[in-house]
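Observations on the three-dimensional arrangement
Okay, here's what each chain looks like letter by letter:
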Amino acid sequence: MLDWLKNINKDYPEFWKEYLSKFEKKSNRYVIFSTEKTGLNPTKDVILSIGCFGVVNDSILIGDNFEIVILQYKFLHDNGLSNEFIVENKLDKLGESDAIVALLKYIGNATLVGYRIDSDVEIINTALEKMDCGRLKNEPLDLEIMHRRLLDINDKQFTLDELCTLYKVPISDRNSASEEAYKMGLLFLKLKSRLGLV
C-alpha cells in the first residue's frame, strides 16, 4: 500500500487528506520557501509571514507565488511588540490555521527549497500538530547544504548573504519573506545547475 494512502485517516481534517492525496505521484515543481518568524524555537515562536515562489524547468515563475501575513495578535500583545508590521502591511492577512491550509494547497507535493529549511519546516509542523494533522511530507532541499556538497566541505557555515555574494545573487536591504524567497530562488537555480540536478 502506498505510504500516503496509509496516512489518510477519517479523523484527519479534509484539507489534510487532500494534501496527502497529492503524493501519489512525484512533482517536477520546486517551491522556494521563506518564513519570517519571531525566533527559531518552534514551540515558543510564531510565524509572522510566509513567501514562496514556484520553480519549474529551471525558471522562477513570478506568477506562481504565495505571500501572506499571519495574524499573531496574542503573541505581539503578550510580548509587548508593535503591531505596526501587521497594520501597515498591505498583504493578505489570515489566522495561523487558515494560513497553513492555504500554504498546503499552494505547495502541494512540490520539493521545498530554503535556507536552513529545517527550522521553517519544523515551525509549520508545530502549527500542523495543533491542527491535529501529521507532519509535512514534502522533500526539503537546503541551500547551505547544497553549497557545502558542491565544495565538499562540512565544517563551515555560511549566511544567506555570504552564499548570495559567492554566487553573484543581488542582495536587497529589504527582507520580506517574498524578497528572501526570490533571492533564494536565484541562488537555487545556480546551485542546481552546478550540482547537475534535474
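Above this text is the structure in question.
Residues numbered from 1 in each chain as written. Predicted model: local features only at pLDDT ≥ 70, side-chain atom pairs only at ≥ 80, totals over all residues. Heavy atoms only, no water.

**Points about the nonpolar core**
We apply this condition: In plain words, nonpolar cores are sets of buried Ala, Val, Leu, Ile, Met, Phe, Trp, Tyr and Cys residues tied together by side-chain atoms within 4.5 Å. Three exposure classes are used, based on accessible area relative to the maximum for each residue type with a 1.4 Å probe and protein chains only: buried under 20%, partly exposed in between, and exposed over 50%. A run of H or I in DSSP becomes a helix once it reaches four residues, and a run of E becomes a strand once it reaches two; helices and strands are each numbered from the N terminus. When checking whether two residues touch, look at their non-hydrogen atoms; a contact exists if any pair is within 4.5 Å.
With 30 residues, the main nonpolar core has Ile-50, Ile-107, Ile-124, Leu-128 and Leu-136 as its most contacted residues. Contributions of two or more residues to this core are made by α2 (14-21), β1 (30-37), β2 (47-56), β3 (59-70), α5 (96-107) and α6 (117-130). At seven residues, the largest contribution of residues to this core is made by α5. If sequence neighbours within four positions are ignored, Ile-50 has contacts with Phe-33, Ser-34, Thr-35, Phe-66, Glu-67, Ile-68, Ile-70, Leu-103, Ile-124 and Ala-177. Judged by nonpolar contacts, the second largest core, of 23 residues, contains Ile-32, Leu-160, Tyr-167 and Phe-188.

**Observations regarding the sheet that holds β3**
Heads up, the condition is: Being paired, for any two strands, means DSSP has found at least two bridges between them. Here, axes are lines fitted to C-alpha atoms. For helices the fit covers the stretch in contact, and angles between N-to-C directions go from 0 to 180 degrees.
The mixed open sheet is built from six strands, whose spatial order is β4-β3-β2-β1-β5-β6. Because the sheet does not close on itself, it has two edges, and the strands there are β4 (93-94) and β6 (140-142). Relative to β3, β2 is paired through eight bridges, and the arrangement is antiparallel. By the bridge assignment for β3, Phe-53 is matched with Asn-65. Seen against the sheet, helix α7 (residues 143-151) touches β5 (111-114) and β6 and runs at an angle of roughly 60 degrees to β6.

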